[in-house]
Amino acid sequence: MSRGLRFKVIITLVVLLGSLYFLIPTIRIATMSPEERARRSVEDVEGYDRLMKQAIKLGLDLSGGMYLALEVDDSKLKDSEKIDVVDRAREIIVNRVDQFGVAEPIVQREGQKRIIVQLPGLQDPDRARRLIGQTAMLEWRLIRQQQELAAVLNKMDRILRGIPADSLVETADLETEIGVVPDTAAVADVAAAPSLDTLLTGSPVETPSMNVPLQTVDRDKPFTSLITSVYRDWLLVAEGDIPAVRRLLASPEAADAIPGDSRFIWYDEWINIPEGGRGKFLFLVSTEEGVSGKNLVNASTSPNPSSPTQLIVNFRFNRRGAREFSRFTGENTGRFTAIILDGKIRSYPIIRVKIPDGQGYIEGNFTDAEARDLSIILRAGALPVDLNVVEERTVGPSLGADSIRMGVRAAIFGLVLVVLFMLVYYKISGGIASLALLFNLIILCGLLAYLGAALTLPGIAGIILTIGMAIDANVLIFERIREELRKAKTIRSAVDAGYDRAFTTILDANLTTLITAVVLWQFGTGAIKGFATTLSIGIIASMFTALVFSRMIFDLWTRSGRVKKLSI
């Protein structure tokens with residue numbers, strides 16, 4: 001055996017053994033029954049996770065899951081804040097997704113403003129969308145007191161009288177005239193109601209006894225006539241009047257009436273009205289942020305002491321946040337404060353005493369999943385910018401399984417047809433080409449596992465295309481050898497000349513296709529990248545098997561000199 005041939009044998013064995021080594025985890029996973037997988041995932045968690053990481057991964061279109069393309073909206077940011085906002089948003093999404101418990105998630109930046117999120121195997125896309133897209137801007141703001149609220153309401157009535165009342169509420173038949181602010185005695189009664197238990201603990205304000213009625217439908221009071229009652233420092237609006245109140249608050253006249261340092265915010269939950277029906281609280285809140293949630297260091301859930309069937313979200317500030325929290329609570333003792341998450345009031349506790357340790361909790365009508373997700377979001381931190389969903393795809397696991405089955409069936413069917421054709425048309429030489437084709441697939445799959453690339457449905461199409469291209473190289477070589485044999489050359493001379501003449505053609509064809517695949521991989525997204533990945537690996541593998549492996553087999557076969565007629 002010549003030195004060159006010995007080198008080819010060694011290289012071929014190294015490539016074959018290396019590819020099989022990287023394929024072992026995939027083979028082990030593929031041959032496990034569902035019961036064994038479930039058992040291994042419980043009894044040997046670390047080993048099973050390691051095996052899964054080393055095996056070929058399936059893309060979203062094969063394993064099922066969710067694909068989100070998010071675009072950063074940085075129109076409200078200053079130029080200095082736009083520099084790394086996409087990277088910061090990506091890091092926060094990574095933290096949230098990691099804690100969400102999705103296996104092998106992919107979160108990557110694409111272009112200037114986009115972030116791609118892939119969550120394989122996800123079963124609850126709505127929950128994931130909330131978890132990823134929620135800005136989680138947590139803040140504490142003071143609720144304006146009754147005197148300030150009364151002044152604003154009076155001013156709004158005065159300014160809004162110019163708006164046609166018919167478009168807002170029927171006022172013609174009612175003549176009762178009641179002041180905007182409840183009488184002192186009534187307010188005193190409300191103030192003397194059972195107090196909240198803790199200071200800034202988020203304890204719920206008990207469902208108020210609506211004993212400060214404001215059923216004052218008056219054409220001269222277009223805003224307050226829509227208010228059902230006042231309770232403590234905020235308003236209650238019946239469900240039927242909420243649309244009209246929203247329209248009034250959105251009018252330019254209302255903007256003139258509301259001080260620049262205040263704004264109205266609705267409470268997110270419905271309140272049962274004792275007289276029947278339901279409504280929502282409307283708070284006049286300071287626009288100045290009292291305490292920011294950016295200094296939160298931990299958040300967790302625990303049962304609500306006053307309602308054990310519900311969860312509350314506990315939080316803790318770092319040292320800096322605790323100082324801000326201590327100052328805020330110390331300066332505003334006795335005041336109500338609003339805990340606002342992404343512009344929605346979650347709680348409205350009263351500050352009883354100064355809180356120096358920077359700890360508290362948020363409560364609301366959370367489901368268990370919502371409470372846990374909120375704690376995850378708070379731990380991961382607030383997004384520095386709003387994200388818009390520009391593309392969303394969800395694939396069910398059953399559809400992914402069907403895709404795998406159909407794709408594998410197509411690949412096997414194509415492979416069998418090609419092998420049969422080669423055996424019939426080129427006989428033993430066709431068998432060598434078929435071995436090269438099988439070797440090609442082993443290398444391709446081994447490299448996919450080594451690189452950690454995900455196999456997608458377009459990736460399977462790339463593999464099928466590779467099968468055709470790999471056999472095409474062998475066909476070129478065999479036809480050249482046939483031509484040389486027809487010139488009455490010896491077998492060894494015909495084989496050498498056949499490979500030499502076909503080399504340039506094979507190299508040119510594969511090189512141009514490889515360049516195209518690289519361009520697709522560089523500029524494509526998702527499914528296109530999957531196709532480009534398998535096609536690129538397949539082209540390289542097919543060149544190796546056609547020019548090195550099959551040549552080595554022919555050399556070993558014909559070198560002895562005992563072959564009198566080449567079966568080709």
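As a starting point, this report considers the structure included with it. Keep in mind it's a predicted model, so treat the numbers as computed, not measured.

Once that is clear, we can look at the overall build of the protein chain. Within the protein chain one finds 16 helices and 18 strands. Counting over 568 residues, the protein chain shows a buried share of 47%. Contacts spanning at least 24 positions in sequence make up 73% of the contacts within the protein chain whose residues lie at least 6 apart. For the protein chain, the accessible area works out to roughly 28,000 Å², and carbon and sulfur atoms hold 56% of it.

A few words now on helix α14 (residues 457-486). End to end, α14 covers 44 Å across 30 residues, agreeing with the expected 44 Å (1.5 Å per residue, within 8%). Positive phi appears at A488, one or two residues downstream of α14, with a value of about 70°.

Let's shift gears to the nonpolar core. In terms of nonpolar packing, the biggest core is built from 38 residues, with I477, F478 and I481 touching the most fellow members. Contributing elements (two or more residues each) for this core: α13 (397-451), α14, α15 (491-523) and α16 (526-558). In terms of residue count, α13 provides more of this core than any other element does, 11 residues in total. Filtering out sequence-adjacent residues up to four positions away, F478 remains in contact with M422, Y426, S429, G430, A433, F554 and I568.

Turning to the pattern of salt bridges, a few remarks are in order. Using the criterion set out here, one finds 20 salt bridges in the structure. For R141, the salt bridge is made with E139, and the minimal N-O distance between the two is 3.1 Å. Taking relative accessible area as the criterion, R141 reaches 11% and is therefore assigned buried. Residue R144 pairs with E148 through a salt bridge whose shortest N-O separation is 3.6 Å. According to the relative accessible area criterion, R144 is buried, its value standing at 11%. E148 sits in the partly exposed class, given a relative accessible area of 32%. Where salt bridges share partners, they join R480, E483, E484, K487, K489 and R501 into one cluster.

Where helix α2 (residues 34-43) contacts helix α3 (residues 45-54), the two axes come as close as 5 Å, and the packing angle between them is 120°. On the basis of the axis angle, α2 is oblique to α3. Where α2 abuts α3, its residues R37, R40, S41, V42 and E43 lie against V45, G47, Y48 and L51. Considering only residue class, the contact of α2 with α3 consists of 4 nonpolar, 2 polar and 3 charged.

Parameters and conventions
- Residues numbered from 1 in each chain as written.
- Predicted model: local features only at pLDDT ≥ 70, side-chain atom pairs only at ≥ 80, totals over all residues.
- Heavy atoms only, no water.
- Helix = DSSP H or I, 4+ residues; strand = E, 2+ residues; numbered from the N terminus.
- Buried < 20%, exposed > 50% of the residue type's maximum accessible area, 1.4 Å probe, protein only.
- Contact = heavy atoms within 4.5 Å.
- Areas by Shrake-Rupley, 256 points an atom, 1.4 Å probe, with all protein chains shown as cover.
- Expected span 1.5 Å × (residues − 1).
- Core = buried A, V, L, I, M, F, W, Y, C linked by side-chain atoms within 4.5 Å.
- Salt bridge = Lys/Arg side-chain N within 4 Å of Asp/Glu carboxyl O.
- Axes fitted to C-alpha atoms, helices over the stretch in contact; angles between N-to-C directions.
- Parallel < 35°, antiparallel > 145°, perpendicular 65-115°, else oblique.
- Nonpolar A, V, L, I, M, F, W, Y, C, P; charged D, E, K, R; others polar.

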